[in-house]
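# Working through the structure, step by step
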Amino acid sequence: MAAAISFAEKPTLEGDLVLLRPVRRADAAGLDAFHDESLRLTGSHRRATFQDLEAWYASRADHDDRLDLSVIERASGGWAGEVVLNELDPDNLSCGFRIGLAGPQYYGRGLGTEATRLILAHAFEEVGLHRIELTVFAFNPRARRVYDKVGFVLEGIRRQALRWDGEWVDADIMGILADEWSRHRGYPESRSAP
């Protein structure tokens, strides 16, 4: 019988632009600085206190059903955000995914794309997942471009799934499968991996 799938191992993953390492209590300061934007992008309506964020990050190593990694910009050594594999379903070899960069100074420079490719490679090639899915809201086209670029496929739209600032917002549901990843390794449409 195959070993159970889990996120008990908390790896450090290295790319050219970013380093992904397990979150630490001290990272809560970075999360707190962009917490309002993080709430909007995840569709969460309840703001946590700084102490809650510290406790949250301090407890992540204890969970084998999720993997929370900080995105560290290699050039500056600065905390640039987080990537998360969550809602692990070991029976179906699947989980959810989200990423958040900590502000405009980190946008448009390939950090999010590289971080996404690194964690997907780990999930499919090391952990042995079959499927990873995500939800992205219509007011976040920047993230949607990254997800398309690395090979996520649009699977459906949850119409008016979020009410934000008095407006209804659609949510795109996207997924990527292990066999898709093995064909393109995050570079679909005949682009070759570096």
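This text goes with the structure placed above it.
Residues numbered from 1 in each chain as written. Predicted model: local features only at pLDDT ≥ 70, side-chain atom pairs only at ≥ 80, totals over all residues. Heavy atoms only, no water.

### Things to note about the packing of aromatic side chains
Note on aromatic pairs: each is described by the distance of the centres and the angle between the planes. Throughout the structure, instances matching the rule amount to five aromatic pairs. A connected cluster of aromatic rings, assembled from ring pairs, spans Phe97, Tyr147 and Phe152. Here Arg60 stacks its cationic end above the ring of Trp56, 3.5 Å away from the centre of that ring. The ring of Tyr187 carries the charged tip of Arg117 above its face, separated from the ring centre by 3.7 Å. (Phe/Tyr/Trp six-rings, centres within 6.5 Å; stacked < 30°, edge-to-face > 60°. Lys NZ or Arg CZ within 6 Å of the ring centre and 35° of its normal.)

### Considerations on the pairing of strand E6 (residues 131-137)
Within a regular beta strand, the side chains point alternately toward one face of the sheet and then the other, so they alternate between its two faces. In terms of burial, E6 is largely enclosed, as five of its seven residues are buried. In this structure, strand E5 (residues 94-101) lies alongside E6, joined through three bridges in parallel fashion. Bridge pairing in E6 places Cys95 opposite Ile132. Crossover connection from E5 via helix H4 (residues 111-127) to parallel E6: handedness right-handed. Two strands pair when backbone bridges link them, and E6 and strand E8 (residues 167-177) are joined in this way by seven bridges, in the antiparallel orientation. (Buried < 20%, exposed > 50% of the residue type's maximum accessible area, 1.4 Å probe, protein only. Helix = DSSP H or I, 4+ residues; strand = E, 2+ residues; numbered from the N terminus. Pairing = 2+ DSSP bridges. Right-handed = clockwise from strand over helix to strand, strands pointing away.)

### Some words on the pattern of salt bridges
Applying the stated criterion across every chain yields a total of 11 salt bridges. Between Glu155 and Arg131 there is a salt bridge; the shortest N-O distance is 2.7 Å. Here Glu155 is found in strand E7 (residues 153-164), whereas its partner Arg131 is found in strand E6, with 24 residues between them in sequence. On the accessibility criterion, Glu155 (42% relative accessible area) is partly exposed. One salt bridge connects Asp172 with Arg144, and the closest N-O pair in it is separated by 2.6 Å. Here the residue Asp172 occupies a position in strand E8, and Arg144 occupies one in helix H5 (residues 141-150), the gap between them amounting to 28 residues. Judged by its relative accessible area of 13%, Asp172 is buried. Overlapping salt bridges bring together Arg131, Glu133 and Glu155 as one network. (Salt bridge = Lys/Arg side-chain N within 4 Å of Asp/Glu carboxyl O.)

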